[in-house]
Amino acid sequence: MNSEMEKLYQAIEKAHTIVFFGGAGVSTESGIPDFRSVDGLYNQQYDYPPETILSHSFFLRHTDEFYRFYRAKMLALDAQPNAAHKKLAQWETAGKLNAVVTQNIDGLHQKAGSRKVLELHGSVLRNTCMDCGKKHDVTAISESKGLPRCECGGLIKPDVVLYEESLDNDVMDEAIRCIREADMMIIGGTSLAVYPAAGLIHYFRGNTLALINRDETPLDSRADIVVHGKIGEVFSQMP
Ligand code: NAD
Ligand code: ZN
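J.: Mind showing me how you'd approach the coordination of the zinc ion (ligand 2) here?
T.: Tetrahedral coordination by four donors sets the ideal angle at the metal to 109.5 degrees; octahedral coordination by six donors sets it to 90 or 180 degrees. Each protein donor to the zinc ion (ligand 2) is listed here as Cys129 (SG), Cys132 (SG), Cys150 (SG) and Cys152 (SG); together their distances run 2.3 Å. What the four donor atoms of the zinc ion (ligand 2) show is an angle range of 100 to 118° at the metal, which sorts the shape as tetrahedral. Ordering the donors of the zinc ion (ligand 2) by residue number gives the pattern C-x2-C-x17-C-x1-C. On the basis of relative accessible area, Cys150 is assigned to the buried category, the value being 6%. Judged by its relative accessible area of 44%, Cys152 is partly exposed.

What follows is the structure in structure tokens.
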């Protein structure tokens, strides 16, 4: 183990309350592409950039096209949790971790056994009729063709926060509370490019801020421990 890994290991052992804040990089080792890496969604070719397709105005104007992209690229229902998801679930069970705060929408933390998961950008597993408000599971999207319709005829929309939409205030408040309460914050697999989610770091006032990411981030200089590597591999070597 190199010295940053060693420092991370010891800080985790010493910590009483860890809060984890993660992004798409947490799930790439489960086979779900992130957005900004070279093999990420932003570097694949579509008629429109993903950021445009995944926006509220595009959803309203080109609903068919939205669902074509969404079914092909955003649903990864067979993906399995990797070592990072599993380790976080273990820490929670052991009483060492108070929450996972995630920008991911794939549900893999819950699949690994985590209970307290604050999903800042919602989840592909929850879907709601825009007319009657009925909740639908993901098969309403994955097993339908064209526009997914509720029994009432209304359009079913994923409970996923699109660009131009605002985050859920209750989820955000609870994330802030958990971050304030923690003595260690581990940030992993996020480019820290998407606000307001990335701004959450500023609420942390504990002892140790650790960052685990494959590439550099704008906040590397603020962290006490920085490990550049694959998060699943790193976590599999942690206590
Ligand atoms: P991002 O694509 O901007 O950044 C991903 C970061 O993870 C990069 O900095 C990359 O270096 C790093 N990374 C990739 N694989 C890694 C690995 N194995 N180990 C460690 N680091 C790794 O993603 P973001 O910061 O989460 O923000 C983009 C938005 O993408 C979020 O809003 C999120 O909702 C959405 N998104 C979610 C999923 C998902 O649910 N799995 C997938 C793609 C995008
Ligand atoms: Zn309905």
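J.: Looking at this structure, I do not really get the sheet that holds strand β6 (residues 156-160). What am I missing?
T.: In sheet architecture, strand pairing relies on hydrogen bonds along the backbone and comes in two forms, parallel and antiparallel. What the three strands build is an open sheet, ordered β5-β4-β6; its pairing is antiparallel. Unpaired on one side and paired on the other, β5 (135-136) and β6 mark the two borders of the sheet. Where helix α4 (residues 63-74) meets the sheet, it contacts β4 (122-129) and β6, and its direction lies at approximately 50° from that of β6.

Definitions and limits used
Residues numbered from 1 in each chain as written. Chains lettered and ligands numbered in written order. Predicted model: local features only at pLDDT ≥ 70, side-chain atom pairs only at ≥ 80, totals over all residues. Heavy atoms only, no water. Donors = N, O, S within 2.8 Å, 3.2 Å for Na, K, Ca; no water. Tetrahedral: all angles 85-135°; square planar, octahedral: opposite > 155°, others 65-115°. Buried < 20%, exposed > 50% of the residue type's maximum accessible area, 1.4 Å probe, protein only. Pairing = 2+ DSSP bridges. Helix = DSSP H or I, 4+ residues; strand = E, 2+ residues; numbered from the N terminus. Contact = heavy atoms within 4.5 Å. Axes fitted to C-alpha atoms, helices over the stretch in contact; angles between N-to-C directions.

Everything listed is a geometric property; what it means functionally is a separate question.
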